[in-house]
Amino acid sequence: MPVSGLEVRADTLVVIWTDNTSTPFPTIWLRDNCPSGLHPQTHERLLDLLTLDASPHLLSAECVGDQVKLIYRDGHVSLMPLMLLSAHHPGRPAPDPAKVSAELWRADLTPGGIPRFEAARVLADDGVLRQWLLQTARYGLSIVDGLDDRHGAGIEVAERVGFLRETNFGTTFEVISMPDPNNLAYTSVALPLHTDLPNQEMPPGYQFLHCIANEAAGGGSVFADGFALAQDLREEDPAAFKLLAEVPIPFRFHDDTADILVRAPVIALDSWSELIEIRYNAHIAAIFDMPAEVMPDYYRAYRTYMAKTRDPGYRLEFKLGPGEMVVFDNRRILHGREAFDPSTGFRHLHGCYVDRGEFASRLRLLARAAA
Ligand code: OGA
Ligand code: ZN
């Protein structure tokens, strides 16, 4: 944005833009972000902030082409690109192509309305990859179809997004009814709506479940938007919402080789009080240990959220078929399945996770390439 004026104060530069708005840039910030303080190749900061005066003093500023020349009292001269200033207004974080607003859904999302993308196109075309990621971030859920009928075909699509997240269940996992299971998922029983691995310090981000076979009677999938449940609870019962957002509860998985425990609230909010994460998994929630006087109210709040997971007004149900892969934000979307009867046929899903950070990185790289 072109500049119509510069106003110099010792501790602040005020940039007046041609639309008559103005932005104050504190002098300490200008000094901290002087391009001369960056490594020329890595663009990382070499400048040691503590070598600067605590209150650097700005003497003058003038526009020189598409830069602003700043002279400080200690003799330092900066050439600040105008682009840098116009992209970084204090108090207004720079636009992020990976930031996608969540569109909350309830029973209004039908199986036919789930964003659906063809595996071959996602693999071959960066534009399609980007659209798939954007839609997946928006609804928290999508389906990739037309996958090759082979073990690993879903993983290859997940690897288009980024590094796989390894957990105590491996880098990838087989959801199959097995003898001697260490996890309810590896049985044929129903799995009530849940998020995976809330017992991890940072639960895995996006989950990929590639359906290789789903021939048994039963075994349908169910999903719900954990943010929509929380948002409605926030409006209907603010006291319950507050308890779920503030009181940490223990989540624990333990078997012969792992014992992974964390205390965290069911609902996590960011610094702007926006929903950022749901950890809800009644089968691995451990023994509640909040003070006794909090327990009755906490149980009431927890049961209210739980009751919403059973409410058809939030549930999306369909049965995955071979060649389909469901992809969802495991820190937002609750997933589950109905019981199945292994004597009637084979059921096999192949799963993996890619964390939110990798997903966001891919979106930024794709946006950069598309610009
Ligand atoms: C899981 C899970 C769902 C299914 O493996 O965590 O929830 O459909 N599986 O089997
Ligand atoms: Zn699960």
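Quick note: structure is the one above.
Please read all numbers here as calculations on a predicted model, not as lab measurements.

1. Points about the overall build of the protein
Stage number 1. The helix and strand tally for the protein stands at nine helices and 22 strands.
Stage number 2. When the 371 residues of the protein are sorted by exposure, 47% land in the buried category.
Stage number 3. In the protein, once contacts between residues fewer than 6 apart in sequence are set aside, the share between residues at least 24 apart is 72%.
Stage number 4. Of the roughly 18200 Å² that the protein leaves accessible, carbon and sulfur atoms contribute 53%.

2. Re the pattern of salt bridges
Stage number 1. One pass over the full model with this rule turns up 22 salt bridges.
Stage number 2. Between arginine 106 and aspartate 232 there is a salt bridge, and its shortest N-O distance comes to 2.8 Å. Within this pair, whereas arginine 106 is found in the loop between helix H2 (82–87) and strand E7 (116–118), its partner aspartate 232 is found in helix H6 (residues 226–236), the two being separated by 126 residues in sequence.
Stage number 3. A single salt-bridge network, built from bridges that share partners, covers Arg116, Asp145 and Glu324.

3. Looking at the site of ligand 1
Stage number 1. Val175, Ala185, Leu191, His194, Asp196, His335, Arg337, Arg347 and Leu349 make up every residue found near ligand 1.
Stage number 2. At 3.1 Å from an oxygen atom of ligand 1 is found a side-chain nitrogen or oxygen belonging to histidine 194.
Stage number 3. Note that an oxygen atom of ligand 1 is positioned 2.8 Å from one of the side-chain N or O atoms of arginine 337.
Stage number 4. Contact with the protein chains hides 96% of the accessible area of ligand 1, taken as 290 Å² for the molecule alone.
Stage number 5. The cavity where ligand 1 resides is the second largest pocket.
Stage number 6. Taken together, the elements giving at least two residues each to the shell around ligand 1 come down to strand E10 (191–194), strand E20 (333–337) and strand E22 (347–354).

4. Describing the sheet that holds E20
Backbone hydrogen bonds hold the strands of a sheet together, and the pairing may be parallel or antiparallel.
Stage number 1. As summarised here, the arrangement of the four strands in space is E10-E20-E13-E18, forming an open sheet in which the pairing is antiparallel. The open sheet is flanked by E10 and strand E18 (316–318), the only strands paired with a single partner. Averaged over all pairs of adjacent strands, the angle between their axes in this sheet comes to 15 degrees, without regard to strand direction.
Stage number 2. Note that strand E13 (residues 221–225) and E20 share five bridges and pair antiparallel. Bridge pairing in E20 places phenylalanine 223 opposite histidine 335.

5. Brief notes about the coordination of the zinc ion (ligand 2)
Stage number 1. Here the zinc ion (ligand 2) is held by the protein donor atoms His194 (NE2), Asp196 (OD) and His335 (NE2), which lie 2.1 Å from it.
Stage number 2. Coordination of the zinc ion (ligand 2) draws on donor residues from a single chain, spaced H-x1-D-x138-H in sequence. Of this pair, aspartate 196 sits in the loop between E10 and strand E11 (206–214) while histidine 335 sits in strand E20; the two residues are 139 residues apart in sequence, bridging distant segments of the chain. Neither aspartate 196 nor histidine 335 differs from the other in exposure class; each is buried.

Reading guide: rules and limits
Residues numbered from 1 in each chain as written. Chains lettered and ligands numbered in written order. Predicted model: local features only at pLDDT ≥ 70, side-chain atom pairs only at ≥ 80, totals over all residues. Heavy atoms only, no water. Helix = DSSP H or I, 4+ residues; strand = E, 2+ residues; numbered from the N terminus. Buried < 20%, exposed > 50% of the residue type's maximum accessible area, 1.4 Å probe, protein only. Contact = heavy atoms within 4.5 Å. Areas by Shrake-Rupley, 256 points an atom, 1.4 Å probe, with all protein chains shown as cover. Salt bridge = Lys/Arg side-chain N within 4 Å of Asp/Glu carboxyl O. Near = heavy atom within 4 Å. Polar contact = N/O pair within 3.5 Å; in protein donor to acceptor, adjacent residues only side chain to side chain. 1 Å grid on protein atoms, 1.4 Å probe; cavity = no way out; pocket = protein on both sides within 12 Å on 5 of 7 lines; lining within 4 Å. Sits in = over half its atoms within 2 Å of the grid points. Pairing = 2+ DSSP bridges. Axes fitted to C-alpha atoms, helices over the stretch in contact; angles between N-to-C directions. Donors = N, O, S within 2.8 Å, 3.2 Å for Na, K, Ca; no water.

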